[in-house]
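Report on the structure
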Amino acid sequence: MSALQTLADVKIVGNLGSIGYGLAAIGPGVGVGIIFGNGTQALARQPEAAGLIRANQILGFAFCEALALIGLVMPFVYPTS
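Residue numbers run consecutively from 1 along every chain, following the written order of its sequence. Restriction of local features to residues with pLDDT of at least 70 applies here, the model being predicted, together with a cutoff of 80 or more for giving and counting side-chain atom pairs; totals for whole chains, interfaces and linings are based on all residues. Water and hydrogen atoms were dropped before computing side-chain values, which therefore reflect all heavy atoms in the structure.

Considering the overall build of the chain
Secondary structure follows DSSP: runs of H or I at least 4 residues long count as helices, runs of E at least 2 residues long count as strands, and numbering of each begins at the N terminus. Each helix and strand counted, the chain has four helices and zero strands in total. Relative accessibility decides the category of a residue: with a 1.4 Å probe and only protein chains considered, values under 20% of the type maximum give buried, values over 50% give exposed, and everything between is partly exposed. When burial is assessed residue by residue, the chain has 16% of its 81 residues classed as buried.

As structure tokens, then:
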């Protein structure tokens, strides 16, 4: 029996949605870190633009969290079985 046949015979038991959500949570986590990291740098460089920078940070944070929530819901919308 070759290694390729052995890999083809492997059966995955359980819900892959939980693994998919774990992987999907990486993107928004990185996105939130980038948003607030760059926002902090922008506030340090131009403190007079704090209102505009903060508004853009909140908007970007909301979009990143929406992606995380979509990733949370998708395993329930498209079940594996």
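Notes on the environment of Ala66
Tracing the backbone shows Ala66 in helix 4 (residues 50–77). Note on Ala66: relative accessible area 33%, which makes it partly exposed. In sequence terms Ala66 and Pro28 are 38 residues apart; their C-alpha atoms lie 8.6 Å from each other.

Remarks on a nonpolar patch on the surface
Residues form patches when they are more than 30% accessible in relative terms and have no salt bridge. Like charges link within 9 Å. Nonpolar side chains (Val, Leu, Ile, Met, Phe, Trp, Tyr) link within 5 Å. Surface accessibility follows the Shrake-Rupley procedure with a 1.4 Å probe radius. Residue values consider only the protein chains on display as shielding. Salt bridges are defined as contacts in which a side-chain nitrogen from Lys or Arg sits within 4 Å of a carboxyl oxygen from Asp or Glu. The grouping of Leu67, Leu69, Ile70, Leu72, Val73, Met74, Phe76, Val77 and Tyr78 at the surface amounts to a nonpolar patch, some 930 Å² of accessible area in total. With respect to the helices and strands, the residue Leu67 is situated in helix 4. Owing to a relative accessible area of 55%, Leu67 belongs among the exposed residues under this scheme.

Observations concerning helix 3 (residues 26–45)
Spanning 20 residues, helix 3 covers 29 Å between terminal C-alpha atoms, matching the ideal 28 Å at 1.5 Å per step. Within helix 3, the full set of buried residues consists of Pro28, Gly31, Val32 and Gly39. With its buried residues spanning 100° around the axis, helix 3 presents them on a single face. What points out from helix 3, more than 90 degrees from its buried face, is the exposed set Thr40, Ala44 and Arg45. Here a helix's expected span is defined as the number of its residues, less one, multiplied by 1.5 Å. Comment: arc refers to directions from the helix axis out to C-beta atoms.

A look at the environment of Asn38
Along the chain, Asn38 falls in helix 3. Look at Asn38 and you get partly exposed, because its relative accessible area is 45%. Sequence separation between Asn38 and Ile53 is 15 residues, and the spatial gap between their C-alpha atoms is 9.8 Å.

Notes on the packing of helix 3 against helix 4
When two helices pack together, their arrangement is captured by the angle between the axes and the distance separating the axes. Fitting a line to C-alpha atoms yields each axis, with helices limited to the stretch in contact; the angle taken between N-to-C directions then spans 0 to 180 degrees. Direction vectors running N to C along helix 3 and helix 4 enclose 175°, while the axes themselves pass 9 Å from each other. The orientation of helix 3 relative to helix 4 falls into the category roughly antiparallel. Across the interface between the two elements, Pro28, Gly31, Val32, Ile35, Phe36, Gly39, Thr40, Ala42 and Leu43 from helix 3 touch Ala50, Ile53, Gln57, Gly60, Phe61, Cys64, Glu65, Leu67 and Ala68 from helix 4. Taken together, the residues of the contact of helix 3 with helix 4 break down into twelve nonpolar, five polar and one charged. Should an angle lie under 35 degrees it is considered roughly parallel, over 145 roughly antiparallel, and from 65 to 115 roughly perpendicular; all remaining angles are considered oblique. We call two residues contacting when some pair of their heavy atoms lies within 4.5 Å. In this classification, Asp, Glu, Lys and Arg are treated as charged, Ala, Val, Leu, Ile, Met, Phe, Trp, Tyr, Cys and Pro as nonpolar, and every other residue, Gly included, as polar.

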